[in-house]
Every structure is written in C-alpha cells, then in structure tokens.
Amino acid sequence: MTREIGGTEDGAGLRAGVVVARFNAFITERLLAGARAALRECGVADGDVTVVRVPGAFEVPLVAQRLASSGEVDVIVCLGAVIRGGTPHFEYVSRAVTDGIGRVMLEFGIPVAFGILTTDTVEQAVDRSGEGADNKGAEAVRTAIEMARVLEQLPGRGDV
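A short tour of the structure in this document, coming up. Numbers given for residues are sequential positions, taken from 1 along each chain in its written order. Two thresholds apply to this predicted model, a pLDDT of at least 70 for residue-level local features and 80 or more for giving and counting side-chain atom pairs, whereas whole-chain, interface and lining totals are computed over all residues. The side-chain quantities take in all heavy atoms of the structure and omit both hydrogens and water.

1. Details of the sheet that holds strand β4 (residues 112-119)
Any two strands with at least two DSSP-identified bridges between them are counted as paired. Secondary structure follows DSSP: runs of H or I at least 4 residues long count as helices, runs of E at least 2 residues long count as strands, and numbering of each begins at the N terminus. Read from one edge of the open sheet, four strands run β2-β1-β3-β4, paired in parallel fashion. If you trace the sheet from one side to the other, it starts and ends with β2 (49-54) and β4, each paired once. Each adjacent strand pair in this sheet contributes to an overall mean axis angle of 15°, direction not counted. Strand direction decides the pairing type here: strand β1 (residues 16-21) and β2, joined by six bridges, are parallel. The partner of valine 20 across the bridge, within β2, is arginine 53. Angles here are taken between N-to-C directions and fall from 0 to 180 degrees, while the axes themselves are lines fitted to C-alpha atoms, restricted in helices to the stretch in contact.

So this is what it looks like as structure tokens:
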C-alpha cells in the first residue's frame with residue numbers, strides 16, 4: 001500500500017516569523033497585510049507572530065537565519081520586492097536573496113517561504129501584492145504552514 005503525505009493550512013499552535021523588507025514599502029506593506037490576514041485565517045494566534053523589518057530584500061536571509069536558529073519559530077515567511085531597473089543590480093540581489101533563503105531552509109530544516117517579488121515592472125508588483133487570493137504574502141504564509149504540517153509527518157528533526 002502506498003503511503004501518501006500531505007499538509008493542511010491549519011496553523012493553530014504554530015509560531016511564525018515574518019521578515020519584511022522596507023525598501024519598496026508601497027509593495028511590501030501590501031504583502032505584509034496579505035500575510036497577516038492569511039495567518040489569522042489559518043489559525044495562527046497574533047501572539048505567535050513575530051514581524052521583523054529589515055532595510056531591503058538583501059538583508060532578509062540573515063534575519064531569517066537568526067530567527068531559524070533561535071528555535072522560537074516553526075515557520076518563516078520572507079517578504080520583499082525587487083523590481084528590475086536599468087542596471088544588473090536586480091539580478092545580483094534576486095540571486096543572493098533566493099540562494100540565502102534556500103540555504104536557511106535547508107540548514108535549519110524548517111519551512112522558509114519565499115514571498116519575495118522579483119518583477120520586471122511596478123505594475124506586476126502591484127498585481128502580485130493586491131488584496132485577495134493573488135497576494136503573494138498570503139500565498140507564502142499558506143505554503144509555510146502546509147510545509148510545516150508535511151514535515152510533522154516525516155521522520156527526522158525532533159525524532160532522534
């Protein structure tokens with residue numbers, strides 16, 4: 001018989017860290033609003049949420065790493081907006097943030113959701129940070145919670 005494992009969006013009892021970049025705040029505050037709404041909808045208590053603001057997307061992985069190493073959160077949601085400009089800066093920042101967030105997740109074995117928008121235009125960022133189901137901050141929360149519930153069902157961390 002095949003064993004199938006899947007997660008749910010039930011966040012009751014989970015402790016969440018949200019790292020949000022201040023750069024492009026007109027977008028990141030919208031992502032944060034979506035994340036806060038999704039955390040409540042998924043049953044994560046307000047008292048179990050820690051929001052940390054950092055200057056920009058480049059700084060997000062370091063704070064995610066510190067939160068992960070603290071043992072005080074079960075999931076981390078990373079929020080930011082990197083919008084392409086006329087220089088290669090976009091590529092450098094996008095790659096560094098993507099790689100950094102991935103390393104934190106693998107190093108600490110907890111879900112670290114990627115809610116960093118990497119868009120070509122401001123309009124695309126606005127579309128991905130609006131109210132409702134298309135808000136990538138809310139989507140990142142749901143992903144993190146689902147992954148936490150999946151990991152609970154797998155052997156490994158905490159089962160030694």
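2. Some words on unusual backbone geometry
The bulk of non-glycine residues show a negative phi, and the bulk of peptide bonds are trans. Backbone geometry places asparagine 24, a non-glycine residue, at a positive phi of 60°. If you trace the backbone, asparagine 24 turns up in the loop between β1 and α1 (25-41). Among the residues examined, asparagine 24 registers a relative accessible area of 17% and is labelled buried. Each residue's exposure class comes from its accessible area (1.4 Å probe, protein chains only) as a fraction of the maximum for that residue type: buried when under 20%, exposed when over 50%, partly exposed otherwise.

3. Let's talk about the nonpolar core
In these notes, a set of buried Ala, Val, Leu, Ile, Met, Phe, Trp, Tyr and Cys residues joined through side-chain atoms within 4.5 Å is what counts as a nonpolar core. Ranked by internal contacts, the top residues of the largest apolar core, which has 25 residues, are Val77, Leu79 and Val141. Within the residue set of this core, elements represented by two or more residues are β1, α1, β3 (75-83), β4 and α5 (136-152). Residue contacts are counted whenever heavy atoms from the two residues lie within 4.5 Å of one another. In this structure, valine 141 is in contact with Ala35, Ala38, Leu39 and Val77, ignoring residues within four places of it in sequence. Ala21, Val54, Ala57 and Ile116 belong to the second-largest nonpolar core, a separate cluster that totals 20 residues.

4. Topic: the packing of α1 against α5
Following both chains from N to C, one finds α1 and α5 inclined at 40°, their axes separated by 6 Å at the closest point. Of the possible angle classes, the one that applies to α1 and α5 is oblique. Between α1 and α5 the crossing geometry is right-handed. Seen from α1, the contacting residues are Leu31, Gly34, Ala35, Ala38, Leu39 and Glu41; seen from α5, they are Lys136, Gly137, Ala138, Val141 and Arg142. Under the scheme applied, nonpolar residues are Ala, Val, Leu, Ile, Met, Phe, Trp, Tyr, Cys and Pro; charged residues are Asp, Glu, Lys and Arg; polar residues are all the others, including Gly. Of the residues assigned to the contact of α1 with α5, the class counts are six nonpolar, two polar and three charged. The labels follow the angle: roughly parallel below 35 degrees, roughly antiparallel above 145, roughly perpendicular from 65 to 115, and oblique for the rest. Take the far helix as the reference: if the near one is turned anticlockwise from it by less than a right angle, the crossing is left-handed, and if turned clockwise, right-handed.

5. Considering the state of the cysteines
Put simply, a disulfide is two cysteine sulfurs that come within 2.5 Å. Across all of its chains, the model carries zero disulfides by this definition. Note on cysteine 42: no disulfide assigned, nearest cysteine sulfur contributed by cysteine 78 at a separation of 17 Å. For cysteine 78, a relative accessible area of 0% translates into the label buried.

6. Describing the packing of helix α2 (residues 60-70) against helix α3 (residues 89-108)
Contact pair α2 / α3: the axes reach a minimum separation of 8 Å and the direction vectors enclose 10°. Regarding the angle of α2 to α3, the classification is roughly parallel. Here Val60, Pro61, Ala64, Gln65, Ala68 and Ser69 of α2 lie close against α3, whose contacting residues are Ala96, Val97, Gly100, Ile101, Val104, Glu107 and Phe108. Split by residue class, the contact of α2 with α3 holds nine nonpolar, three polar and one charged.

7. Thoughts on the pairing of β3
Among the nine residues in β3, eight count as buried, and that is most of the element. Pairing between β1 and β3: five bridges, direction parallel. Paired with glycine 17 across the bridge in β3 is isoleucine 76. Both β3 and β4 contribute to a ladder of eight bridges, which runs parallel. When the bridges of β4 are listed, valine 77 appears paired with alanine 113. By convention a crossover is right-handed if, when the strands point away from the viewer, the path from the first strand over the helix to the second runs clockwise. Handedness of the β-α-β unit built from β3, α3 and β4 comes out right-handed.

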